[in-house]
Amino acid sequence: MAPPWDEIRRDFPAVTRHVYLNAAAGGPTPRPVREAVGVFLRELEEDGDLYWESWIEHREAVRGRVAALIGAEADEIAFVPNTSTGLNLVVDMVGEDGAVLSHELEFPAVTLPWIHRGIPVHLLPAVEGIVRLESFSLAGAPRAATIAISHVEFSNGCRQDLEALGRLKAHRHLVVSGSQSVGAFPVDVRRCRIDALASAGHKWLCAGYGAGFLYVSRELLARRAPRMVGWLSVERPFAFDNRQVRLLPSNRRHELGCPNFAPIFALGAAVEYLTNIGMEAIAARILELNMYLTARLEREGFEVLSPGGEHRSGQTLVALADPREATEYLQERGILVTRKREGVRISTHFFNNEEDIETCVAALVEHRGTLSGAS
Ligand SMILES: Cc1ncc(COP(=O)(O)O)c(C=O)c1O
């Protein structure tokens, strides 16, 4: 049975205030997220750090939930504020191995940390908005130690088949940004042979800002020491030993000091919320809404630049002559999308519905009418 989408919408106050088609920029949080953070802040306000132990337990429960979401083990997860921080920790671990293979649709959080350290990054070309996986094959691609890629591209929503990429990666590290996919599509790090994956929590996960995580495989953790350590990176922090570093074997070693409890609890509530709906059901709903939107746009004569088929995601890039004006026109009518160089990016998440799409398409048609009237 399909989840009760209309009922679910009621958990998102943002969708009654706006036509919210902007999850790829930032997803609104459902009520349980604020409630989880509210409980923590009330405890802090009323009792200081009396509940420290229970917060630590809560943090570990969240770690388990995040791990289960992506098919990892809890000791492979570290909490980080955002993707960029997570990916920099990965570059610290594997950067010295050599060049990186990425592509020209990629978000700079995935490429710049390597370039900054002087590591060559080969950008493979996209053809008609798609980077073909064959171009990453060991035989055809420039030599590289690492493949660094987003599961879903911020630029046009192109979704990559991570399982296929995992099959052709060979000895190379596979490093992934999950920021445009985790919370929207199921991800299984083991099945896809992913070595490291970083994700923000504020987009499709609907957890708000500062609530990211980093997965690093046990194998990679065992082989590589972190560059940065803190007093909580060690096995017995409360021994307060100033003379030696006995590193934690787990990815928790990357959490250097006191925890950022509020975003972690927000992430925990969001992951629990999404998991209760079911990631397969969420992905199916997103694809259904995306196909509905694509068909409606094309019927009205708009050009959809996002790839379809197996590359389809929750993002739809529509070509428009005047992205700035169009975005403002939509915003004045309460419709939130992202302005892009080529047009606008419309995101459809599970909390959206066909009515949101109809409102947005009608406004785009109306706006186009004002332009042709003016010329
Ligand atoms: C693929 C991808 N990775 C990462 C990010 C964001 O990076 P961060 O979480 O460091 O802000 C974005 C933002 O648009 C993105 O699209």
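Look up: the structure comes first, before these words.
From a predicted model like this one, the values you see are computed outputs, not experimental measurements.

### What to know about the overall build of the protein chain
Okay, so step 1: Within the protein chain, the secondary structure is distributed over 12 helices and 13 strands.
Okay, so step 2: For the protein chain, the C-alpha radius of gyration of 22 Å lies close to 21 Å, the compact-globule estimate for 375 residues.
Okay, so step 3: Principal-axis analysis of the C-alpha atoms gives the protein chain an extent of 75 × 60 × 40 Å.
Okay, so step 4: Sequence-distant contacts, at least 24 apart, represent 69% of the contacts inside the protein chain between residues at least 6 apart.
Okay, so step 5: For the protein chain, the exposed surface amounts to about 16,900 Å²; the carbon and sulfur share of it is 51%.
Okay, so step 6: Charged side chains in the protein chain number 40 positive and 48 negative. The centres of these two groups are separated by 4 Å.

### A closer look at helix 6 (residues 108-116)
Okay, so step 1: Within the span of helix 6, buried status applies to A109, V110, T111, P113 and W114.
Okay, so step 2: Its buried side turned inward, helix 6 meets helix 5 (83-94), strand 3 (100-103), strand 4 (121-124), strand 5 (146-150) and strand 6 (173-177).
Okay, so step 3: After helix 6 finishes, the residue G118 shows a positive phi value of roughly 80°.

### Focus on the site of the ligand
Okay, so step 1: All residues adjacent to the ligand are N82, T83, S84, F107, S150, F154, S177, S179, Q180, A200 and K203.
Okay, so step 2: Within the side chain of S177, an N or O atom sits 2.8 Å from a nitrogen atom of the ligand.
Okay, so step 3: Between the ligand and K203, the relevant distance is 3.0 Å, taken from an oxygen atom to a side-chain nitrogen or oxygen of the residue.
Okay, so step 4: Calculation on the ligand without its partners gives an accessible area of 400 Å², and the protein chains cover 87% of this total.
Okay, so step 5: In terms of residue class, the shell around the ligand is made up of three nonpolar, seven polar and one charged.

### Concerning the packing of aromatic side chains
Okay, so step 1: Under the defined criterion, the tally for this structure stands at 16 aromatic pairs.
Okay, so step 2: Look at W5 and F350: their rings are 6.1 Å apart centre to centre, the planes differ by 45°, and that puts the pair in the tilted class. One end of the pair, W5, is in helix 1 (residues 5-9); the other, F350, is in the loop between strand 13 (343-347) and helix 12 (354-374), and 345 residues separate them in sequence.
Okay, so step 3: By relative accessible area, which is 13% here, W5 ends up buried.
Okay, so step 4: Accessibility expressed as a relative area gives 0% for F350, which makes it buried.

### Here we look at the layout of surface pockets
Okay, so step 1: Here the largest pocket is characterised by a volume of approximately 490 Å³.
Okay, so step 2: Around the largest pocket sit 23 residues that line it, and H151, D161, L162, E163 and P186 are the ones nearest its centre.
Okay, so step 3: Within the residue set of the lining of the largest pocket, elements represented by two or more residues are helix 4 (52-70), helix 7 (162-168) and helix 10 (279-299).
Okay, so step 4: Residues that form the lining of the largest pocket fall into these classes: 10 nonpolar, four polar and nine charged.
Okay, so step 5: Roughly 320 Å³ of internal volume is contained in the second largest pocket.

Procedures and definitions
- Residues numbered from 1 in each chain as written.
- Predicted model: local features only at pLDDT ≥ 70, side-chain atom pairs only at ≥ 80, totals over all residues.
- Heavy atoms only, no water.
- Helix = DSSP H or I, 4+ residues; strand = E, 2+ residues; numbered from the N terminus.
- Rg over C-alpha atoms; globule rule 2.2 N^0.38 Å.
- Contact = heavy atoms within 4.5 Å.
- Areas by Shrake-Rupley, 256 points an atom, 1.4 Å probe, with all protein chains shown as cover.
- Lys, Arg positive; Asp, Glu negative; His and termini not counted.
- Charge placed at Lys NZ, Arg CZ, Asp CG, Glu CD.
- Buried < 20%, exposed > 50% of the residue type's maximum accessible area, 1.4 Å probe, protein only.
- Near = heavy atom within 4 Å.
- Polar contact = N/O pair within 3.5 Å; in protein donor to acceptor, adjacent residues only side chain to side chain.
- Nonpolar A, V, L, I, M, F, W, Y, C, P; charged D, E, K, R; others polar.
- Phe/Tyr/Trp six-rings, centres within 6.5 Å; stacked < 30°, edge-to-face > 60°.
- 1 Å grid on protein atoms, 1.4 Å probe; cavity = no way out; pocket = protein on both sides within 12 Å on 5 of 7 lines; lining within 4 Å.
- Points joined across faces, edges and corners; volume = space filled by probe spheres on them.

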